[in-house]
Amino acid sequence: MRCEEMAERIPELLGGELDPAAVAELRAHLATCPGCAAEAAAFERLWDELGAAAEGTPGPELRERFERRLAAEIARERRRVIPFLARRAAARGGRWWGLPATQLAALAATLVVGVFVGSELSRRRDASAMAALRDDVRSLRETVTLALLGESSASGRLRGVAYGREASEGDDRVAGALFEAMLADPDVNVRLAALDALKPRAARPEERPRLIAAVAHQDSPLVQLSLIDLLLESGAPAAQRDLEQLLDNPNLDPVVRGYLRDRIGRSL
Amino acid sequence: MATSADAETSDAELMARVRDGELERLSELFERHHRRLYGFFSRLVGDRTAAEDLVQEVFVRLLKYRHTFRDGAEFSPWVFGVARNAAIDHFRSRPRELQENPEAPEPAAHLPHPIEGLERRERSEFLQAALARLAPERRELLLMARFGDLRYESIGELLGCSAGAVKVRVHRALKELREAYAVVSGEVTA
């Protein structure tokens, strides 16, 4: 090796780009060339020194700031994406082609009941018959929602959420199924869509305890943040008090804790 | 940037998941890379607060521009491209900080310290002062080579030149840095 080759070889050595044979060749040259050896030693010292940050190590507050920012970005993203997912699921639910067998069956059942409803309407033209038919329709919606929420594909379950959205306010079974989906569906998007569908019920005092408990037990920070938003946006002072108590829960995810502290701070 | 050998998911795979909607996975990338980025920025700007702000800015940009991360792309060159742009924007708003300063002040006193920690701090200050004497593009190149864990070929792609040219420039930058260090540390007179 010639001394002139050092201009490329030293950066390669420092950058770890030389294979063992090339390193051996370089070291052999350095062993016989005091000038290159001194230069290489000086460069290696500088390289090591450069590797230490000028201002030590970043403080823990950098991570905390980042996590808070990330949580805010995720919450913003969720607000943007979830209505879109729900609309898309609802739109796709209106087409029969390309749907799995269980959904086709559900649609066929809709059709059968529709015909039944029509014939019943013509046969029973009194108020009690209308009430009975409304129950039938509600029951059908409930059946379709529960069937779709049991789909193996996330897109199928999202359609279930879209079907159940309208019924959830007045139908406890549908609300219960949506609550279960929000708690433990394998897909976070389904959980978030279910939570969004439950929004009209969030202001009810009797719903608050299980929603608060869901914050603590939820394993997805994204859903936890959304639950916090939902509870605080319900405007109930008791919801804020209950959430404040969660800050004492040692198992609460640190990101969620930071976000909750920020949100409560802002709403004080 | 090197991925730890035992990491289950590569940096590129993680970034692809962030791009596809698993935004919370950015937290793992932050854990893997924020110290290295902090090292790069703290040497580049010489200020702890500014370096932390820039690290934060890089990760915000990763989130903002996540859709531009292509399948099959390497993470490190991409993130250092983002870091460079963040640094450029930082200096654009503070042009005096970027200028080459041949008269960069030598650290106040450099009497021999008996305590190793103080000596290390003193060497670090000499190095920071020596870096400030380099032309901005040399300083950036050297820090990218040191902190980016990038192959010279990748640095060449970022800078628009060949890997060979990058190696020669790194060698020159090291020589200049060594000379500047000798001056600021009092080993030789300027």
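Here the structure is a predicted model, which means the values were calculated and not measured.

Chemist: How would you explain the overall build of chain A if you had to name every residue and give the values?
Modeler: The number of helices and strands found in chain A is 13 helices and zero strands. When the helices and strands of chain A are placed in sequence order, the string is α-α-α-α-α-α-α-α-α-α-α-α-α. In chain A, buried positions account for 44% of the 268 residues. Counting only contacts in chain A whose residues sit at least 6 apart along the sequence, the fraction spanning at least 24 positions is 61%. Per element, the accessible surface of chain A, about 13,700 Å² overall, is 55% carbon and sulfur.

Chemist: How would you sum up the pattern of salt bridges? Please name residues and give values.
Modeler: Here the structure, examined in full by the defined rule, presents 33 salt bridges over all chains. In this structure, Lys167 of chain B engages Glu12 of chain A in a salt bridge whose closest nitrogen and oxygen atoms are separated by 2.6 Å. Separated into two different chains, Lys167 of chain B in helix H9 (residues 163-184) and Glu12 of chain A in helix H1 (residues 6-14) make up a pair that spans both.

Chemist: Can you break down the side chain of Arg25 of chain B residue by residue, with the values?
Modeler: Residue and element names in this part refer to chain B. Mapped onto the secondary structure, Arg25 falls in the loop between helix H1 (11-19) and helix H2 (26-45). Residue classification places Arg25 among the buried residues on the basis of a relative accessible area of 16%. Not counting residues within four places of it along the chain, the set of residues in contact with Arg25 comprises Thr9, Leu14, Arg17 and Val18.

Chemist: Tell me about the state of the cysteines, and please be specific about residues and values.
Modeler: Counted by the stated rule, this structure contains zero disulfides over all chains. As a non-bridged cysteine, Cys33 of chain A has Cys36 of chain A as the owner of its nearest cysteine sulfur, 3.6 Å distant.

Chemist: Go over the interface of chain A and chain B with me, naming the residues and quoting the values.
Modeler: Of the residues lining the interface, 38 residues belong to chain A; the matching set on chain B comes to 47 residues. Inspection of the region where chain A meets chain B yields four salt bridges. One salt bridge in this structure joins Glu31 of chain B and Arg63 of chain A, with 2.4 Å as the shortest N-O distance. In this structure, the connection of chain A to chain B is made through 13 residue pairs in polar contact (both at pLDDT 80 or more). Of all the elements in the fold, those that place two or more residues in the side of chain A that touches chain B are H1, helix H3 (34-51) and helix H4 (60-93) of chain A. With eleven residues, H4 of chain A is the single largest residue contributor to the side of chain A that touches chain B.

Chemist: Hey, could you go over the packing of helix H10 (residues 208-217) of chain A against helix H12 (residues 237-246) of chain A for me, with residue numbers and the actual values?
Modeler: Residue and element names in this part refer to chain A. Two numbers describe how H10 lies on H12: the axes approach to 10 Å, and their chain directions differ by 30 degrees. In terms of axis orientation, H10 runs roughly parallel to H12. Along this stretch, H10 crosses H12, giving a crossing that reads as right-handed. Between H10, through Arg208, Ile212, Val215 and Ala216, and H12, the contact on the second element is made entirely by Ala238, Ala239, Asp242, Leu243 and Leu246.

Chemist: For the confidence of the model for chain A, give the residues involved together with the corresponding values.
Modeler: Confidence along chain A averages 79 in pLDDT terms, with 79% of residues attaining 70 or more. Mean pLDDT values for the elements of chain A range from 66 in helix H5 (residues 101-123) of chain A up to 91 in helix H2 (residues 20-32) of chain A.

Rules of the game
- Residues numbered from 1 in each chain as written.
- Chains lettered and ligands numbered in written order.
- Predicted model: local features only at pLDDT ≥ 70, side-chain atom pairs only at ≥ 80, totals over all residues.
- Heavy atoms only, no water.
- Helix = DSSP H or I, 4+ residues; strand = E, 2+ residues; numbered from the N terminus.
- Buried < 20%, exposed > 50% of the residue type's maximum accessible area, 1.4 Å probe, protein only.
- Contact = heavy atoms within 4.5 Å.
- Areas by Shrake-Rupley, 256 points an atom, 1.4 Å probe, with all protein chains shown as cover.
- Salt bridge = Lys/Arg side-chain N within 4 Å of Asp/Glu carboxyl O.
- Disulfide = S-S within 2.5 Å.
- Polar contact = N/O pair within 3.5 Å; in protein donor to acceptor, adjacent residues only side chain to side chain.
- Axes fitted to C-alpha atoms, helices over the stretch in contact; angles between N-to-C directions.
- Parallel < 35°, antiparallel > 145°, perpendicular 65-115°, else oblique.
- Left-handed = near helix turned anticlockwise from the far one by under 90°.
- pLDDT = per-residue confidence, 0-100.

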